[in-house]
Amino acid sequence: MGEVDHSALYPEHGLTQSELMRSADVAMYEAKRTHSTICLYHSDSDDNSRDRLSLIGDLRAALDEDQLVLHFQFTQDFRSGRIQGLEALVRWNHPTRGLVFPDDFIPMAERVGLIMPLTRVVLRKALEELVRLDATGHRLTMSVNISHLDLLDETLPGYIETLLAHYDLQPQRLTLEVTESSLGEEPERARTRIEALRRLGVRISIDDFGVGYSSMSKLLELPIDELKIDKTFVFALENDVRARAVIGSTIELGRALNVTVVAEGIETFSNHQLLRSLGADVAQGYYIARPKCSEELDEYLAVMSTRP
Ligand code: C2E
Ligand code: MG
Ligand code: MG
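Remember, it's a predicted structure, so these values are computed and weren't measured experimentally. (Residues numbered from 1 in each chain as written. Chains lettered and ligands numbered in written order. Predicted model: local features only at pLDDT ≥ 70, side-chain atom pairs only at ≥ 80, totals over all residues. Heavy atoms only, no water.)

**Student:** Could you give an account of the coordination of the magnesium ion (ligand 2), with specific residues and numbers?
**Tutor:** Distances from the magnesium ion (ligand 2) to its protein donors, Glu87 (OE), Asn145 (OD1), Glu177 (OE) and Asp207 (OD), fall at 2.0 to 2.2 Å. In this structure, the magnesium ion (ligand 2) lies 4.3 Å away from the magnesium ion (ligand 3), the two metals sharing aspartate 207 as a donor. Residue asparagine 145 is found in strand S6 (residues 141-145), and its partner aspartate 207 is found in strand S8 (residues 203-209); the two are separated by 62 residues along the sequence. (Donors = N, O, S within 2.8 Å, 3.2 Å for Na, K, Ca; no water. Helix = DSSP H or I, 4+ residues; strand = E, 2+ residues; numbered from the N terminus.)

**Student:** Hey, could you go over the coordination of the magnesium ion (ligand 3) for me, with residue numbers and the actual values?
**Tutor:** Note on the magnesium ion (ligand 3): its protein donors are Asp207 (OD), Asp208 (OD), Glu264 (OE) and Glu264 (OE). The metal-donor distances range over 2.0 to 2.5 Å. On the accessibility criterion, glutamate 264 (9% relative accessible area) is buried. (Buried < 20%, exposed > 50% of the residue type's maximum accessible area, 1.4 Å probe, protein only.)

**Student:** An account of empty space enclosed by the protein is needed here, citing residue identities and associated values.
**Tutor:** By the definition in use, this model includes 1 cavity of 30 Å³ or more. In this model, the largest cavity occupies a volume close to 40 Å³. Residue lining of the largest cavity: Ile206, Phe209, Met216, Leu219, Leu220, Leu222, Ile224, Leu227, Leu253 and Leu257, and that is the complete set. Secondary-structure elements contributing two or more residues to the lining of the largest cavity are S8, helix H8 (216-220) and helix H10 (241-257). (1 Å grid on protein atoms, 1.4 Å probe; cavity = no way out; pocket = protein on both sides within 12 Å on 5 of 7 lines; lining within 4 Å. Points joined across faces, edges and corners; volume = space filled by probe spheres on them.)

**Student:** Tell me about the site of ligand 1, residues and numbers included.
**Tutor:** Close to ligand 1 lie 25 residues, the nearest being Arg91, Asn145, Asp207, Glu267 and Tyr286. Within the side chain of glutamate 87, a nitrogen or oxygen atom sits 3.0 Å from an oxygen atom of ligand 1. One of the side-chain N or O atoms of lysine 231 is found 3.1 Å from an oxygen atom in ligand 1. Those elements that place two or more of their residues in the shell around ligand 1 are strand S4 (83-94), S8 and helix H9 (231-236). With 4 residues, S4 is the single largest residue contributor to the shell around ligand 1. The residue makeup of the shell around ligand 1, split by class, is 11 nonpolar, 5 polar and 9 charged. (Near = heavy atom within 4 Å. Polar contact = N/O pair within 3.5 Å; in protein donor to acceptor, adjacent residues only side chain to side chain. Nonpolar A, V, L, I, M, F, W, Y, C, P; charged D, E, K, R; others polar.)

**Student:** I'd love a proper account of the side chain of glutamine 67, names of residues and values included.
**Tutor:** Positionally, glutamine 67 belongs in the loop between helix H2 (46-64) and strand S3 (68-77). The contact partners of glutamine 67, leaving out residues within four places of it in the chain, are Ala61, Ala62, Arg91, Trp92, Asn93 and Pro95. (Contact = heavy atoms within 4.5 Å.)

**Student:** An account of the nonpolar core is requested, with residue identities and associated values reported.
**Tutor:** One finds Val144, Ile160, Leu176 and Leu183 to be the most contacted residues of the largest nonpolar core, which totals 76 residues. When residues of this core are assigned to their parent elements, the largest contribution, 9 residues, is made by helix H4 (residues 115-135). Residues within four places of leucine 183 in sequence aside, it is in contact with Leu151, Val178, Ala190, Ile194, Ile206, Leu219 and Leu222. (Core = buried A, V, L, I, M, F, W, Y, C linked by side-chain atoms within 4.5 Å.)

**Student:** Give me the lowdown on the side chain of arginine 91, citing residues and values where you can.
**Tutor:** Here arginine 91 lies in strand S4. Buried and without a salt bridge, arginine 91 has aspartate 103 as its closest oppositely charged side chain, separated by 8.4 Å. Engagement of the side chain of arginine 91 in a polar contact is seen with the side chain of histidine 71, the distance being 3.4 Å. (Lys, Arg positive; Asp, Glu negative; His and termini not counted. Salt bridge = Lys/Arg side-chain N within 4 Å of Asp/Glu carboxyl O.)

**Student:** Can you explain H10? Please cite residues and give values.
**Tutor:** Taking 1.5 Å of rise per residue, the 17 residues of H10 would be expected to cover 24 Å, and the 24 Å separating its terminal C-alpha atoms lies within 8% of that figure. On the buried face of H10, the contacting elements are S8, H8, strand S9 (226-229), H9, strand S10 (260-263) and helix H11 (269-278). N-cap assignment for H10: the residue whose side-chain oxygen lies 2.8 Å from the backbone N of arginine 242 is aspartate 240. Once H10 finishes, asparagine 258 follows within two positions and takes phi at roughly 60°, a positive value. (Expected span 1.5 Å × (residues − 1).)

**Student:** I'd like a description of the pairing of S8, backed by residues and values.
**Tutor:** Along any regular strand the residues' side chains alternate between the sheet's two faces. Burial analysis of S8 places 6 of its 7 residues in the buried class, the great majority of the element. Strand direction decides the pairing type here: strand S7 (residues 174-179) and S8, joined by 5 bridges, are parallel. The residue of S8 that forms the bridge with valine 178 is isoleucine 206. (Pairing = 2+ DSSP bridges.)

**Student:** Residue-level account of the packing of aromatic side chains, with values.
**Tutor:** For the structure shown, the criterion picks out 3 aromatic pairs. Judged by centre distance (5.6 Å) and plane angle (80°), the ring pair of tryptophan 92 and phenylalanine 105 falls under edge-to-face. Remark: phenylalanine 105 occurs in the loop between strand S5 (98-100) and helix H3 (106-111) and tryptophan 92 occurs in strand S4; sequence separation between them is 13 residues. Across the pair, phenylalanine 105 and tryptophan 92 agree in class, each one buried. (Phe/Tyr/Trp six-rings, centres within 6.5 Å; stacked < 30°, edge-to-face > 60°.)

**Student:** Just give me the short version of the packing of H4 against helix H5 (residues 156-167), but keep the residues and values in it.
**Tutor:** Where H4 meets H5, the closest approach of the two axes is 11 Å, and the angle between their N-to-C directions is 25°. Viewed along their axes, H4 and H5 adopt a mutual orientation that is roughly parallel. The handedness of the crossing between H4 and H5 is right-handed. On H5, the residues touching Arg120, Leu123, Arg124, Leu127, Glu128 and Val131 of H4 are Leu156, Tyr159, Ile160, Leu163, Leu164 and Tyr167. When the residues that make up the contact of H4 with H5 are grouped by side-chain class, the tally is 9 nonpolar, no polar and 3 charged. (Axes fitted to C-alpha atoms, helices over the stretch in contact; angles between N-to-C directions. Parallel < 35°, antiparallel > 145°, perpendicular 65-115°, else oblique. Left-handed = near helix turned anticlockwise from the far one by under 90°.)

Spelled out as C-alpha cells, the structure:
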C-alpha cells in the first residue's frame, strides 16, 4: 500500500474484523483524497467513502457488462495547426449513477486488482476507434493512458502486439502514456517494461510531467518518445513566472532528447499562442476541443475537413 498508513482502531472503529477492515478502507480513501500519508478513520469521511466502496462491487460488472466507454480528445500539431491524434479517456457509464470519471474509479481499479483487465478493454476499444476512423478517411494517432501497475504486467507487450496485428495497425500510431509520478517508484522495473513495449514500435509518453518530483537523472535514462507537460503549469502560465520557467525548460529538455513535447490543458487563445511561441510541438486542451464521444468526433472531423 506504499507509504500510506490508513488506520482503524479496535474497538472504536469496529468490533469485528470486517468492520475494522472497512473502517481502514475508509481511512485510506480519506488519506488519498487529502494526499496525507497517515489517516485515522473518522465517521465524517464515511458517507463519501461508503459511496466509493459500493462502487467497487460494481466495477467487476462494469468490465463484464461492457459499461466502460471511451471519450476522445484531439491533439493538434502546433506548426501546421492540423488535428493529428486523439487521447482515449475512459468513462464508466454506470447503470444508476450516470457517467463516472476516471479519477473516481481508476485508483480503485488499481487497488482491487482490476486495472490490468480495464487497461486491456481501453486498448482494444481505442484501437477499434482508430480503425473505424481510418475507414472514414481520417488517419490519426491514438494515445492511451496506462497505469504504473500495467508496467508490472509481463504479458502486456504480447497483448498489444496481438492487438496491433489483429487490427493491422502500425505500432507507431499507438502512444502509451505513463505518469511521471508512477515511474519514480520503481524506475528499474519500469525501464525493463518500457524497453519491451518500445521494441514493439509503440511510442511512450511521460504524462503529467513536472509534478512527479522524480529524479531527473533516473527519468532521463528511460527510453521515451514524448513529454507531456502537466496541465497545472499550463493553467498557471500567464500569471506565474515559475510555471513559465518549468515549461520553458521542459521544452528545451524535449529538444535535447529529441522527443515530442505536448502541452495539455490549453483552455485559452492566449495560452495557445504562448505555448506555440515557446516551441511546444503538440497542443491539447479545451481551447482546441473537449473530450468527445465517438459520434461527436465524426461531426467535428466533418466540419474540420470542409474548412479551407
Ligand atoms: P490525463 O491523462 O492527464 O488526461 C487529461 C485530463 O485533463 C482529462 O481528464 C481531460 O478531460 C482533462 N482536460 C483536457 N483538456 C483540459 C483543459 O483544457 N482543461 C481542463 N481543466 N482539463 C482538461 P479525465 O478524462 O477526467 O481524466 C483524468 C485522468 O484519469 C487522466 O489524466 C488519466 O491520468 C486518467 N485516465 C483517463 N483515462 C484512463 C485510462 O483509460 N486508463 C488509466 N489508467 N487512466 C486513465
Ligand atoms: Mg494522459
Ligand atoms: Mg496529464
